[in-house]
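Analysis of the macromolecular model
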Amino acid sequence: MRSTVNHVLSVAQFERPFLFELFRRADQFAMLGCREAVGTAKGAIMATLFYEPSTRTRLSFETAMTRLGGAVISAEYAAATSSAAKGESIEDTARVVAGYADLLVIRHPEAGSVARAASVVDVPVINAGDGANEHPTQALIDLYTIWRELGRIDGLTIALVGDLRYGRAARSLARLLTQTVDTTVYLVAPPVTRMDARLIADLRTAGLQVEEADDLHAIAPRLDVLYQTRIQRERFTDPEAYTEACGHYVVDRELMRRLPSKAIVLHPLPRVGEIDPAVDDDPRAAYFRQARNGVALRMALIEWVLQRHLVEIVSSNGHLHR
Ligand code: NCD
């Protein structure tokens, strides 16, 4: 039973046809202001366990579940207020909460921890960010936003900017972009937060055209998407290295002048200085629309996860071996 549970742990599990299916369903929700009274999650309970700070991810997951007619239980500051503070392992916590809820959404500072928790439970687990490793649902939202804003996901030139070493959102998006066709990705990062050679090699093997670049101003006129990210201060052990990584690449009015009129600027948010608020009114600044898209996309994802789980339960003949 456990091995067949359909978790969402990495973007590597998504293939192109599924992406379009998901995007179209999200669009249906978005068109109705996410108010379609489908109630497909009615009677289901989603638990959110967040061992790291979050605004968008947790609240949009909770909004999505509520809009689908389901209910939410939440450990918002799980590191401090759950039994983790007493030394309980994430596996034990997950096991217990899986007895209360039909779906777990977990964020944790350690890479691989959410997969560990998933391996011991028989309800679906969604990875809401595990350390510097993955943030699959953010990447889905990012690609969905590109699809909505530009009408396509292929033939695009995309710059990933900022923290490509610790930034799980950018790293998951880079991996997800391997499902697109004819895509050029520019990696633009200060020396301390460059993407590791291994991931770059994987991306190239998967068919992405990947170029490292230093001069964001020089490549800006070629871009369809500028994906800016925050330097992940919480992942640095050396405060000097953090300071060194900051301030290299800022999206400001001058940079916007160099960006094509149909390009868009994305950011998973929160921002802390890497996008000048003076550009927020520019129609190409799509990051708040991107954040809003999180609800519709997560509605589509939760619905899909719960339905697949139901199918699993029925096809295992109603015998649950917990
Ligand atoms: C991102 C994260 O937590 O990885 N935020 C988010 O979920 N939208 C990016 C970040 O914190 O910089």
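Now for a description of the structure that goes with this document. Since the structure is predicted, the reported quantities are computational estimates derived from the model, not experimental observations. Every residue gets a number counted from 1 within its own chain, in the order that chain's sequence is written. Given that this is a predicted model, residues contribute local features only at a pLDDT of at least 70 and side-chain atom pairs are listed and counted only at 80 or more, while totals for whole chains, interfaces and linings are drawn from all residues. No hydrogens and no water enter the side-chain calculation; it runs on all heavy atoms of the structure.

A few points about the layout of surface pockets
The condition that has to hold: The rule is simple: put a 1 Å grid over the protein atoms alone, call a set of points where a 1.4 Å probe fits but cannot get out a cavity, call an open set with protein on both sides within 12 Å along at least five of seven lines a pocket, and count a residue as lining if it has an atom within 4 Å of a point. Grid points are joined across faces, edges and corners, and a volume is the space filled by probe spheres set on the points. Working definition: helices are DSSP H or I runs of at least four residues, strands are E runs of at least two. Numbering for both runs from the N terminus. In this count, Pro and Cys sit with the nonpolar residues alongside Ala, Val, Leu, Ile, Met, Phe, Trp and Tyr, while Asp, Glu, Lys and Arg are called charged and the others, Gly among them, polar. The domain boundaries here were taken from an automatic or database domain assignment.
Roughly 480 Å³ of volume is contained in the largest pocket. The wall of the largest pocket is formed by 24 residues, among which Arg230, Gln232, Glu234, Leu269 and Pro270 lie closest to the centre. Elements supplying a minimum of two residues to the lining of the largest pocket: helix H2 (56–67) and helix H7 (168–176). Split into classes, the residues belonging to the lining of the largest pocket amount to eight nonpolar, nine polar and seven charged. Counting contributing residues per domain, the lining of the largest pocket is built from domain 1 (11–131 + 294–317) and domain 2 (136–285), each supplying no fewer than three.

What about the site of the ligand?
Which entries qualify depends on this criterion: Whether a residue is near a molecule or strand depends on its heavy atoms: if one lies within 4 Å, it is near. Under the rule applied, a polar contact is a pair of N or O atoms within 3.5 Å (in protein, one hydrogen donor and one hydrogen acceptor; residues adjacent in sequence only if both atoms are side-chain atoms). Surface accessibility in these figures is a Shrake-Rupley result with a 1.4 Å probe; residues are shielded only by whichever protein chains are displayed.
Around the ligand lies a shell formed by Thr57, Arg107, His135, Gln138, Arg168, Arg230, Gln232, Pro268, Leu269 and Pro270. At 3.0 Å from an oxygen atom of the ligand is found a side-chain nitrogen or oxygen belonging to Arg107. Contact distances for the ligand include 2.7 Å between an oxygen atom and a side-chain N or O atom of His135. In isolation the ligand has 320 Å² of accessible area, and contact with the protein removes 93% of it. Grouping the amino acids of the shell around the ligand by side-chain chemistry returns three nonpolar, four polar and three charged.

Structural notes on the nonpolar core
Worth spelling out the cut-off: The definition of a nonpolar core used throughout is a set of buried Ala, Val, Leu, Ile, Met, Phe, Trp, Tyr and Cys residues joined through side-chain atoms within 4.5 Å. Three exposure classes are used, based on accessible area relative to the maximum for each residue type with a 1.4 Å probe and protein chains only: buried under 20%, partly exposed in between, and exposed over 50%. The contact definition used throughout considers only heavy atoms, calling two residues in contact when any of these lie within 4.5 Å.
Grouped together as the largest cluster of nonpolar side chains are 66 residues, with contacts concentrated most on Ile146, Leu160, Leu301 and Ile302. At ten residues, helix H12 (residues 287–315) tops the list of elements feeding residues into this core. Here this core gathers at least three residues from each of two domains, domain 1 (11–131 + 294–317) and domain 2 (136–285). The residues contacting Leu160, other than those within four sequence positions of it, are Ala170, Leu173, Ala174, Val185, Tyr186, Leu187, Val188 and Tyr227. Judged by nonpolar contacts, the second largest core, of 22 residues, contains Tyr186, Val265, Leu269 and Tyr287.

Focus on the side chain of Ser10
Tracing the sequence through the fold places Ser10 in the segment before helix H1 (16–31). Of the polar contacts made by the side chain of Ser10, one reaches the side chain of Glu134; its length is 2.7 Å. If we skip the residues at most four places from it in the chain, Ser10 touches Glu134 and Pro136.

Re the sheet that holds strand S4 (residues 125–130)
Operational definition: Any two strands are treated as partners once DSSP identifies two or more bridges connecting them. For every element, the axis is a line fit to its C-alpha atoms; helices are fit only across the contacting stretch, and the angle between N-to-C directions ranges from 0 to 180 degrees.
Read from one edge of the open sheet, four strands run S2-S1-S3-S4, paired in parallel fashion. Strand pairing shows two members of the sheet lacking a second neighbour, strand S2 (71–75) and S4, which therefore form its edges. Looking at each pair of strands side by side, their axes are set apart by 15 degrees on average, direction ignored. Contacting strand S1 (45–50), strand S3 (103–108) and S4, H12 runs over the sheet at an angle of about 125 degrees to S3.

That is the geometry; function is a separate question.
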